[in-house]
Each structure stands twice: as structure tokens, then as C-alpha cells.
Amino acid sequence: MGDNGKMYVPEDILPVYRDNVIPLADIITPNQFEAELLTGLKMTNLKEALNITEALHQKGVKTVVISSSELGDDTTMIGIASTPNECYKIEIPKVDACCTGTGDLFAALFLAWHYKTKNDVKLSLENTIATLQTIVQDTYRKARVSVTSGEIPPALMELQLIQNKAAVENPTSNIKAIKIK
Ligand SMILES: Nc1ncnc2c1ncn2[C@@H]1O[C@H](COP(=O)(O)OP(=O)(O)O)[C@@H](O)[C@H]1O
Ligand SMILES: Cc1ncc(COP(=O)(O)O)c(C=O)c1O
């Protein structure tokens, strides 16, 4: 729907997502901006993040995953995966560039792992972030070869998906999700 305070879709679609589509969904993967729009609530700390995931569960969604939030620091973002019974957070190291398509990739990876692990949200979150880290870091490293300093143009941040097929199939990472509920 949007990111960084800006909607990609027309604003009058928001009530349709919020009131008609969300109650039909089993899994949703909004980023912070989208989760705030869908609930009308703000997320400035972990407690508020839990209020937001709870509000989305109340609408009937079994698995709510916040793909990224600004609850980390300058070097990390926080992801959250929640069911009515348990909730995990994960710290995601940031690269200093804007990525497009990462939200779509996150949703695809999480859905695949959720199915494959029979609804293990902790492992699904860890595997999803492991693959994304490999792809985002590889994309950034290759872009930095041609733009050695300053901002990287979005065209150079086209995700290196095919090149990292192995990281999609076999994600490896030491980043663990931490239980917060
Ligand atoms: N700048 C970044 N540095 C590192 N990882 C990133 C960055 N941007 C996105 N990602 C990865 O992509 C995932 C989804 O990103 P997010 O920003 O939530 O999606 P969207 O594009 O929908 O806003 C994050 O969980 C993270 O793993
Ligand atoms: C209009 C538009 N812009 C950008 C994106 C990329 O979004 P993201 O980076 O969240 O995957 C999408 C994704 O569907 C989109 O529809």
C-alpha cells in the first residue's frame, strides 16, 4: 500500500483494505506505515507495536507480520511476527540504500516458509530475514562498485534475486528472533 509516509495506491482504497480485505486474510505482512494506516494507531515503541498486532488479530487475521519498523536504531530495523498466542521480534541490519520490491519478496518468502514449517512463525521469520539479508547485501555491494560514495540511484538497487537462488532455497544466518509474547 505504501512506505515512508507515502501511499502507492489511491487513498480511497484504504477503507476497502481495512474493512473488507483484511478481515478475509489469514496472513498479512504490512510494513510499519501500512500497519499504522490499517489500524489508525501509532507505533513508536514495542508496546504500541503489540497493540497494533493485537488490533489486527481482532479483525480476524491469524498471522500478522510487520516486515520492518523504525523501532530499531540507526543500524537496525525491527521485524515482528505475531499470532494470537505468541509474538517474536527480529533485529535486521540495515544497508544504507532504498530497496524496491523487498516487501513483495518478504511476503513471498514468509508465505512459503509458513507453509513449509507448518505455521512455525519464529522459523519462518528467521528464514525470511536470512534470505533478504543475503539478497539486499549482495545488491548493495554490487551497486557500491559503480557508485563508491553518496546515495545509490534506485535503478542500481534492482534486487539480485536470480543470482541468489541458493539463498532462497537454503537461507543461512545467525540472526535469531526473540520471543516477546
Ligand atoms: N535498507 C534496508 N536494509 C536492509 N534490509 C532491508 C532494507 N530495506 C528492506 N530490507 C529488507 O526487506 C524487508 C522488507 O522491507 P520493508 O521495508 O518492510 O518492505 P517495504 O518495501 O514493503 O516497505 C525487511 O524486513 C528487510 O529484511
Ligand atoms: C506501485 C508500487 N510501488 C512499489 C512497490 C514495491 O513495494 P515493496 O518495496 O514494498 O515490495 C509496489 C509493490 O507492489 C507497488 O505496487
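Above this text you will find the structure in question.
Worth saying up front: this structure is predicted, and the values here are computed from it rather than measured.

Asker: Just checking my understanding: could you explain the nonpolar core for this structure?
Answerer: The nonpolar side chains of a soluble globular protein tend to be buried with one another. Membership of the largest hydrophobic core comes to 22 residues, with the highest contact counts inside it found for Phe106 and Leu125. Mapped onto this core, the elements with two or more residues apiece are β6 (87-93), α4 (102-116) and α5 (121-146). Here this core takes 8 residues from α5, the largest share from any one element. If we ignore the near neighbours within four places in the chain, the residues touching Phe106 are Thr29, Val65, Ser67, Leu125, Thr128, Ile129 and Leu132. Met1, Ala35, Val64 and Cys87 belong to the second-largest nonpolar core, a separate cluster that totals 19 residues.

Asker: Where do I start with the pairing of β6 in this structure?
Answerer: Looking down a regular strand, the side chains alternate between one sheet face and the other. In terms of burial, β6 is a largely internal element, 5 of the 7 residues being buried. Where strand β5 (residues 76-82) and β6 come together, 7 bridges link them in antiparallel fashion. Within β6, the residue paired with Met77 across the bridge is Ile92. Between β5 and β6, which pair antiparallel in sequence order, lie 4 residues. Looking at chain direction, β6 and strand β7 (residues 178-179) are connected through 2 bridges and run antiparallel. Within β7, the residue paired with Tyr88 across the bridge is Lys179.

Asker: Explain the site of ligand 1 here, please?
Answerer: For ligand 1, the set of nearby residues contains 17 residues, the closest of which are Asp3, Asn31, Ser67, Ser68 and Val95. For ligand 1, an oxygen atom lies 2.6 Å from a polar atom in the side chain of Ser68. When ligand 1 sits alone it has 550 Å² of accessible area, and the protein chains cover 90% of it. When residues of the shell around ligand 1 are traced back to their parent elements, those giving at least two are β6, α4 and α5. Grouping the amino acids of the shell around ligand 1 by side-chain chemistry returns 10 nonpolar, 5 polar and 2 charged.

Conventions and cut-offs
Within every chain, residues take consecutive numbers counted from 1 along the sequence as written. Key to labels: chains lettered from A, ligands numbered from 1, both in the order written. Residues qualify for local features only when their pLDDT is at least 70, as the model is predicted, and side-chain atom pairs are given and counted only at 80 or more; totals for whole chains, interfaces and linings, by contrast, use all residues. In computing side-chain properties, one takes all heavy atoms of the structure into account and sets aside hydrogens as well as water. Throughout this description, the term nonpolar core refers to a set of buried Ala, Val, Leu, Ile, Met, Phe, Trp, Tyr and Cys residues connected via side-chain atoms within 4.5 Å. Whether a residue is buried, partly exposed or exposed follows from its accessible area with a 1.4 Å probe, protein chains only, as a fraction of its type maximum: under 20%, in between, or over 50%, in that order. Segments assigned H or I by DSSP are reported as helices when at least four residues long, segments assigned E as strands when at least two residues long, and all are numbered from the N terminus. By definition in these notes, contact holds between two residues if any of their heavy atoms fall within 4.5 Å. Strand pairing is defined by DSSP finding a minimum of two bridges between the two strands. Only a single heavy atom is needed: when it lies within 4 Å of a molecule or strand, its residue is near that molecule or strand. Here a polar contact means two N or O atoms within 3.5 Å. Within protein one must be a hydrogen donor candidate and the other an acceptor candidate, and residues neighboring in sequence count only if both atoms are side-chain atoms. In short, Shrake-Rupley with a 1.4 Å probe defines the accessible areas, and a residue's cover is counted only from the protein chains shown. Residue type decides the class: Asp, Glu, Lys and Arg count as charged, Ala, Val, Leu, Ile, Met, Phe, Trp, Tyr, Cys and Pro as nonpolar, and the leftover types, Gly among them, as polar.

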